[in-house]
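Structural features, examined
Each chain, written out:
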Amino acid sequence: MTSPGSSDVRWEYLTAPVLIHNTQAILNNFGRDGWELVTVTTGANPEQLVAWFKRPVRS
């Protein structure tokens, strides 16, 4: 729900594997590109981490 006078924001989403030994660099790179980290989940096995990102759609 949006408030009166506000514009609707459209989002695009991205999932990416996260390597434990290089987590900060990976997340910082996505942040520089405008991606906001939403959550981190496990992948196909518990040792795999998957980062979920979103950012406003650029027009």
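Residues numbered from 1 in each chain as written. Predicted model: local features only at pLDDT ≥ 70, side-chain atom pairs only at ≥ 80, totals over all residues. Heavy atoms only, no water.

**Quick look at the pairing of strand S3 (residues 49-56)**
Filter applied, for reference: Two strands qualify as a pair provided that DSSP identifies no fewer than 2 bridges between them. Secondary structure counts use DSSP, requiring at least four H or I residues in a row for a helix and at least two E residues in a row for a strand, with both numbered from the N terminus.
The sheet contact formed by strand S1 (residues 11-18) and S3 spans 8 bridges and is antiparallel. Paired with alanine 16 across the two strands is alanine 51, which belongs to S3. Of the strand pairs in this sheet, strand S2 (residues 36-42) and S3 are connected by 6 bridges, and their pairing is antiparallel. Paired with threonine 41 across the bridge in S3 is valine 50. Between S2 and S3, which follow one another and run antiparallel, lie 6 residues.

**Focus on the sheet that holds S3**
Strands pair in a sheet through their backbones, by hydrogen bonds, and they do so in one of two ways: parallel or antiparallel. Which entries qualify depends on this criterion: Only C-alpha atoms enter the line fits that serve as axes; for helices the fit covers just the stretch in contact. Angles between N-to-C directions range over 0 to 180 degrees. Whether two residues touch is decided by their heavy atoms; if any such pair falls within 4.5 Å, the residues are in contact.
Read across the sheet, 3 strands follow the order S1-S3-S2 without closing on themselves; strand pairing throughout is antiparallel. Where the open sheet ends on each side, the last strands, each with one partner, are S1 and S2. Averaged over all neighbouring strand pairs, the angle between strand axes comes to 25°, with direction disregarded. The strands touched by helix H1 (residues 23-32) within the sheet are S1, S2 and S3, with S1 carrying the most contacts at an inclination of about 160°.

Don't take any of this as a statement about function, it's just geometry.
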